[in-house]
Amino acid sequence: MLSTPVARLWPPPAARPAVADRRWWWALAGGWVAHVLLRLWLFRYHAGPVANPDETGYLAAARWLAGGPGADFTGSTFYHSGYALLLAPIHWVSADPATVYRLAVAVGSMVSATAFPLAYLLLRRLAVGRRGALLLAFVVGASPALLLFSGLALADAILPTLLLGWLLAIHDLVRAGAGRSGSRRRGTVRHGTVRRGIVRRGIVGRGIVGGADVWAGVVAGGLAGFAMTVHMRGMVVLAVTVIVVGALLVARRVPRRAGLAALATAAGVAVAGTVLNRALAAALYPGGTRDLAGLLVSRLTGLDGQAWALAGAAGQLWYLIVGTWGLAGIGLVAAATVALRGAGRTSRRGGDGGLAVSFAHRVTAAALLAVTLGIAYASSAALPDEHRVGNYAYGRYLSCVAVAWTLAGVAALVRARRRSIPALAAAAAALGAGTGGVAAWYAGDRLDRYAFIAFDFPEVIFLSGVPDRLDMATASLTALALLAGLTVLAGLPGRLGLPASGWARVVPPAAGLAAVTIAFVAHLAPRSAPAPGRDWLPAPGPGRVAVDTRVKWNVWLPLTHRVWWTRLEMYDGARQAPPAGACTAIVPPTAGPPPAGWAATGDGDPSKGWKSWTGRGCGGGPGH
């Protein structure tokens, strides 16, 4: 009996990887929940739009898509339907404006938190180990570009996550083609040796091939088309996708069916989005939208316009670098190097053998560079001169790629040779100084004379400590100091004689980045709950609501969201009385006595910019 083999009490060797994989996925799920909870805690007091007209524009679009009342935003910037489509089901759950807004914050928080598992997958594509990728992705998942907008009803809450998914799909699509061509020629690929024929059945290294390469194309094309439906910046993503996939098809560097699937899906989603956007524009912008396309063309065809566009793009790149504590600068330098170097070249690093720069890495780096530069240039060219400081240095438009560049920067720090790290940091600092210098030179004293809106500069205010003006020098120096600290931490294991790769290489810079992130979260967190009670805006009663066109937009526009039961009726109070049948009229303080059939409510005053009248004989409730 003693010689009889005894069954093992642990899984056989073949089953252990599956168990380990499940543990990693549980870790990703737990991290996602933690990120969602962090966002909900940060924005727990948000109960209504604060970034107008943008937030109200998206919320009104979502309400109309859900079958509710529309609005009249004639002459305003067009707010696309893609993000609003995600919010539309909320209006089927509740009509209460505060509840709708809180649910919109929840949706944005969940989508934004999904950047964490996508960041993990992207770092794995960059050959960062599992534990290191998990730690770095969790820290980067709370970076400013992801936190700031997740608590607002803005398309910026979902764009960073969308762009990360698009990058992963582009990378895997290209690597699938490289894997197939490599296996046909040699039976090997850059990310691992593969026997001839395995390519057709499943996974190559960490990429996807076989039937899954078509899915990579579908995801890449679908996300590019959807990005165009979400925001004008998505037009750049769609254009880069078509150019990259088209070039790869011509060069036969991707499977034909996968490339065609990417293009077909991109076209299908883009066409559907265009149809939906046109329907939305007809309903909510009956008199037309703000002509940003015309402004873009005029800027691109004149020397003054080109100077405006290029200087504004430089200001956006400066903000991208300082707003990521310099890490985006390292990422930009590393990506440019990867895009220009030959595929297959390897940077030898002590102990880990180096990472082969694959063709997929080169294409992905080039695509991200093209999207970033394209967005910076086009958005600056189409930006009206609003006499605000944000015209010359602005971070919101490139926030959609800030997380990707932060990941590229931290991956470069933990994968580079110790002697190369200072050179990367120096190049990033030079890039930040150069772009910031161009923006400051072009703007001149307008940075002091024009309106400074704190909402435009959250990271810069955190860095400079100056809440009421743009201090580019202090913000740049603080970002440089943080970058220097992260650089020192990245090289610390080598100086201490610790392993130059793996977990020991990741922990110090991850800890340093986590400390900065915690400080920013503390800076962002609300100090106390808002005062209870009614705010300064009108609170119309039941029935139809009319608004005099002489009332300023910052009064009537928020009402578009608050008055959920009916569409606001705009009328020219200088020439006519409120529409017959309306129960409430919001008029300017300078309006005379109410006409026959109307009575003053006594609500409102000149300091608020409005007063209200009520129609006699009105009754019922909202929706009646």
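Residues numbered from 1 in each chain as written. Predicted model: local features only at pLDDT ≥ 70, side-chain atom pairs only at ≥ 80, totals over all residues. Heavy atoms only, no water.

Section: the overall build of the protein chain
Note the threshold: Helix and strand assignments come from DSSP, with helices taken as H or I runs of at least 4 residues and strands as E runs of at least 2, each series counted from the N terminus. Exposed residues in this analysis have more than 50% of their type's maximum accessible area, buried residues have under 20%, and partly exposed residues fall in between, with area computed by a 1.4 Å probe over protein chains only. Per-residue accessibility takes into account occlusion by the displayed protein chains alone, with areas from the Shrake-Rupley method and a 1.4 Å probe.
Secondary structure summary: the protein chain contains 23 helices and 11 strands in total. Each of the 624 residues in the protein chain was classed as buried or not, and the buried ones make up 52%. Accessible area for the protein chain stands at about 26,900 Å²; split by element, carbon and sulfur atoms hold 64% of it.

A short note on a nonpolar patch on the surface
So the rule is basically this: Only residues whose relative accessible area exceeds 30% and that take part in no salt bridge are eligible for patches, with like-charged residues grouped when within 9 Å of each other and nonpolar side chains (Val, Leu, Ile, Met, Phe, Trp, Tyr) grouped when within 5 Å. What makes a salt bridge here is a side-chain nitrogen of Lys or Arg within 4 Å of a carboxyl oxygen of Asp or Glu, nothing more.
On the surface, Val33, Leu37 and Leu40 cluster together to form a nonpolar patch covering roughly 240 Å² of accessible area. By the element assignment, leucine 37 lies in helix H1 (residues 16–42).

Observations concerning the pattern of salt bridges
Summed over the entire model, instances satisfying the criterion amount to 14 salt bridges. The salt bridge involving arginine 396 is made with aspartate 54; its shortest N-O contact spans 3.0 Å. Taken as a pair, arginine 396 in the loop between helix H16 (359–381) and helix H17 (399–415) and aspartate 54 in helix H2 (residues 54–65) lie far apart in primary sequence, 342 residues in all. In this structure, arginine 396 and aspartate 54 share a single accessibility class: buried. Where glutamate 386 meets arginine 290, a salt bridge forms, and the shortest distance between an N and an O atom there is 3.9 Å. Note that glutamate 386 is positioned in the loop between H16 and H17 and arginine 290 in the loop between helix H12 (256–284) and helix H13 (292–300), a separation of 96 residues in sequence. Taken together, the salt bridges that share partners define one network made up of Asp54, Asp156, Arg233 and Arg396.

Concerning the environment of leucine 431
Operational definition: Every residue pair with non-hydrogen atoms within 4.5 Å of one another is taken to be in contact.
You can see leucine 431 is positioned in helix H18 (residues 421–443). Taking the C-alpha atoms as reference points, leucine 431 and valine 333, 98 residues apart in sequence, are found 8.5 Å from one another. Among all residues touching leucine 431, those that are not within four sequence positions of it are Ile321, Gly329 and Leu332.

Overview of the pairing of strand S10 (residues 598–605)
Here is the rule we go by: Between any two strands, pairing holds if DSSP finds at least two bridges.
Pairing of S10 with strand S11 (residues 610–615), which is carried by 5 bridges, proceeds in the antiparallel orientation. Paired with tryptophan 598 across the strands is glycine 615, a residue of S11. Two successive antiparallel strands, S10 and S11, enclose a turn made up of 4 residues, where glycine 609 displays a positive phi of approximately 85 degrees.

Regarding helix H23 (residues 553–562)
Of all 10 residues making up H23, 7 are buried, and the element is well covered by its neighbours. Every buried residue of H23 is listed here: Val555, Trp556, Leu557, Pro558, Leu559, Thr560 and His561. Elements that come into contact with the buried residues of H23 comprise H2, helix H5 (97–113), strand S7 (545–548), strand S8 (569–571), strand S9 (584–587) and S11.

Observations concerning the packing of H16 against H17
Which entries qualify depends on this criterion: Helix axes use the C-alpha atoms of the stretch in contact, all axes being lines fitted to C-alpha atoms, and the angles between their N-to-C directions lie in the range 0 to 180 degrees. Two helices that cross are described as forming a left-handed crossing if the nearer one is turned anticlockwise from the farther one by less than a right angle, and a right-handed crossing if clockwise. Gly is placed with the polar residues, together with every amino acid not listed as nonpolar (Ala, Val, Leu, Ile, Met, Phe, Trp, Tyr, Cys and Pro) or charged (Asp, Glu, Lys and Arg).
Running from amino to carboxyl end, H16 crosses H17 at an angle of 145 degrees, the nearest separation of the two axes being 10 Å. When the axes of H16 and H17 are compared, the crossing they make is left-handed. For the pair formed by H16 and H17, the contact residues are Leu368, Leu369, Val371, Thr372 and Ile375 on the first element and Cys400, Val401, Ala404 and Trp405 on the second. Of the residues belonging to the contact of H16 with H17, the class tally is 8 nonpolar, 1 polar and no charged.

Notes on the packing of aromatic side chains
The line we're drawing: Under the pairing criterion, centres of Phe, Tyr and Trp rings, with the six-membered ring standing for Trp, must be within 6.5 Å; the plane angle then separates stacked pairs below 30 degrees from edge-to-face pairs above 60, leaving the rest tilted. Counting as a charge over the ring demands two things of the Lys NZ or Arg CZ atom: a distance within 6 Å of the ring centre and an angle within 35 degrees of the ring normal.
In total, this model carries 16 aromatic pairs according to the counting rule given. Arranged with centres 5.3 Å apart and planes meeting at 90 degrees, the rings of phenylalanine 462 and phenylalanine 520 form a pair that is edge-to-face. Pair noted here: phenylalanine 462 is in helix H20 (residues 458–464) and phenylalanine 520 is in helix H22 (residues 503–524), with a separation of 58 residues, a long-range link. Residue phenylalanine 462 is classed as partly exposed on the basis of its relative accessible area, which comes to 22%. An aromatic cluster is built from Trp308, Tyr392, Tyr442 and Tyr450, whose rings are joined through pairwise contacts. Over the aromatic face of phenylalanine 359 sits the side chain of arginine 253, whose NZ or CZ is 3.9 Å from the ring centroid. Over the ring of tyrosine 442 we find arginine 446, and its NZ or CZ is 5.2 Å from the ring centre.

A few points about the sheet that holds S9
Read across the open sheet, the 5 strands follow the order S8-S7-S9-S11-S10; overall the sheet is mixed. Edge positions in the sheet fall to S8 and S10, since each has one partner strand and no second. Here the average twist between neighbouring strands, direction ignored, is 25 degrees.

As for a positive patch on the surface
Selection rule: Neither His nor the chain ends is counted toward charge; the positive residues are Lys and Arg and the negative residues Asp and Glu. Note that the charge is assigned to NZ on lysines, CZ on arginines, CG on aspartates and CD on glutamates.
A surface patch of like charges, here positive, comprises Arg417, Arg418, Arg419 and Arg495. Within the element layout of this structure, arginine 495 appears in helix H21 (residues 472–495).

Quick word on the pairing of S11
Relative to S11, S9 is paired through 4 bridges, and the arrangement is antiparallel. The residue of S11 that forms the bridge with isoleucine 586 is serine 612.

Considerations on the nonpolar core
Just so we agree on the cut-off: The definition of a nonpolar core used throughout is a set of buried Ala, Val, Leu, Ile, Met, Phe, Trp, Tyr and Cys residues joined through side-chain atoms within 4.5 Å.
Counting residues in each nonpolar core, the largest one holds 170 residues, and the members touching the most others are Leu123, Trp166, Trp318, Trp405 and Leu470. Residue contributions to this core peak at 13 residues, all from H17. Ala546, Ala585, Ala591 and Trp598 belong to the second-largest nonpolar core, a separate cluster that totals 8 residues.

What to know about the packing of H2 against H12
The description of two packed helices rests on the angle between their axes and on the distance between the axes. To keep things clear, this is the line we draw: Angle categories are assigned with fixed cut-offs, so that under 35 degrees is roughly parallel, over 145 is roughly antiparallel, 65 to 115 is roughly perpendicular, and the rest are oblique.
Between H2 and H12, whose axes approach to 11 Å, the crossing angle comes to 105 degrees. With respect to H12, the element H2 is oriented roughly perpendicular. Touching Ala60, Ala61, Trp64 and Leu65 of H2 are Leu276, Ala279, Leu280, Ala283 and Leu284, all from H12. When grouped by side-chain class, the residues that make up the contact of H2 with H12 number 9 nonpolar, no polar and no charged.

Quick word on the confidence of the model for the protein chain
Where the model shows low pLDDT, its predicted coordinates should not be examined in detail. Filter applied, for reference: Within a predicted model, pLDDT stands for the predictor's per-residue confidence, ranging from 0 to 100.
When pLDDT is averaged along the protein chain, the result is 87; 87% of the residues meet or exceed 70. pLDDT under 50 marks residues 620–624. Its contacts with residues more than four places away, or in other chains, come to 7 contacts.

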